[in-house]
Amino acid sequence: MAKKPAKATMISHGIAAQNRKARFNYTITETIEAGIVLKGAEVKSLRLGRATIAEAFAAERDGELWLLNSYIPEYQGGVLSRFDTRAPRKLLLHKKQIEKFLGAVAREGATLVPLDIHFNTRGCAKVTLGLGEGKKSVDKRHAIADRDWQRDKARLLRNKGRGDY
């Protein structure tokens, strides 16, 4: 008897895509949650957790915020509608929030970095944006050293009772 193939699990709420390098490359000073305008097939593809936002960023066009260079692959579930995988996607924020963040970008030279795309408890797709300033290589080396020390410290504490230091 042949086994049935496992059905792909869809994400109803939780993280669909995450930019893990963002907090390493940028010092995030402030975060905000924004809605995102998607087509039906894009939502289905996101629910499979196949999106990538590693190179993505948010920018202003005509007074609105757009998510640029994010990759959402085409949904392969028999849908006839095709979409551009790297199309700019509109972010939904209040006018005052947009002005606040664009003012900070213009004033301080910061960048709006997407930290993750997730589904809230109601099932709506949201993007967590972070206002970040680029880290210098010295800061990155310091972060690596801190991370290594924390890992070594945890290892030492875990093996403390065994006698092998």
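Residues numbered from 1 in each chain as written. Predicted model: local features only at pLDDT ≥ 70, side-chain atom pairs only at ≥ 80, totals over all residues. Heavy atoms only, no water.

Regarding the confidence of the model for the protein
And then number 1: In the predicted model, the protein carries a mean pLDDT of 85, and the fraction of residues at 70 or more is 90%.
And then number 2: Averaged pLDDT values for the elements of the protein fall to 84 in helix α1 (residues 22-25) and rise to 94 in strand β5 (residues 89-92). (pLDDT = per-residue confidence, 0-100. Helix = DSSP H or I, 4+ residues; strand = E, 2+ residues; numbered from the N terminus.)

Observations concerning the pattern of salt bridges
And then number 1: Evaluated as defined, the whole model comprises five salt bridges.
And then number 2: Taking the shortest distance from any N to any O, the salt bridge between R155 and D152 comes out at 3.0 Å. Pair noted here: R155 and D152 are both in helix α4 (residues 137-158), with a separation of three residues, about one helical turn. (Salt bridge = Lys/Arg side-chain N within 4 Å of Asp/Glu carboxyl O.)

What about the side chain of N120?
And then number 1: Mapped onto the elements of the fold, N120 is located in the loop between β6 (111-119) and β7 (125-134).
And then number 2: Within the local environment of N120, its side chain forms a polar contact with the backbone nitrogen of R122, the two atoms lying 3.1 Å apart. (Polar contact = N/O pair within 3.5 Å; in protein donor to acceptor, adjacent residues only side chain to side chain.)

Re the pairing of β6
And then number 1: With respect to burial, β6 is a largely interior element, eight of its nine residues being buried.
And then number 2: In this structure, strand β1 (residues 14-18) lies alongside β6, joined through four bridges in antiparallel fashion. What sits directly across from G14, in β6, is F119.
And then number 3: Judged from the eight bridges that link them, β6 and β7 form a sheet pairing that is antiparallel. Its bridge partner lying in β7, I117 is registered against V127.
And then number 4: Where β6 folds back onto β7 in an antiparallel hairpin, the turn is made up of five residues, including G123, whose phi is positive at roughly 90°. (Buried < 20%, exposed > 50% of the residue type's maximum accessible area, 1.4 Å probe, protein only. Pairing = 2+ DSSP bridges.)

Description of the pairing of β5
Successive residues of a regular strand alternate their side chains across the two faces of the sheet.
And then number 1: The two faces of β5 differ: R89 and L91 on one face are buried, but K90 and L92 on the other face are not.
And then number 2: The pairing of strand β2 (residues 26-36) with β5 spans two bridges and is classified as antiparallel. Looking across to β5, one finds that I36 is bridged to L91.

Side note on helix α2 (residues 40-47)
And then number 1: For α2, every residue scored as buried is listed here: A41, E42, S45, L46 and R47.
And then number 2: Looking at the packing, one finds that the buried side of α2 touches β1, β5 and β6.
And then number 3: Note on α2: the residue one or two positions beyond its end, G49, has a positive phi of about 75°. (Contact = heavy atoms within 4.5 Å.)

Overview of the environment of T111
And then number 1: With respect to the element layout, T111 can be found in strand β6.
And then number 2: For the pair formed by T111 and E133, sequence separation is 22 residues and the distance between their alpha carbons is 6.3 Å.
And then number 3: Among all residues touching T111, those that are not within four sequence positions of it are Y26, G130, L131 and G132.

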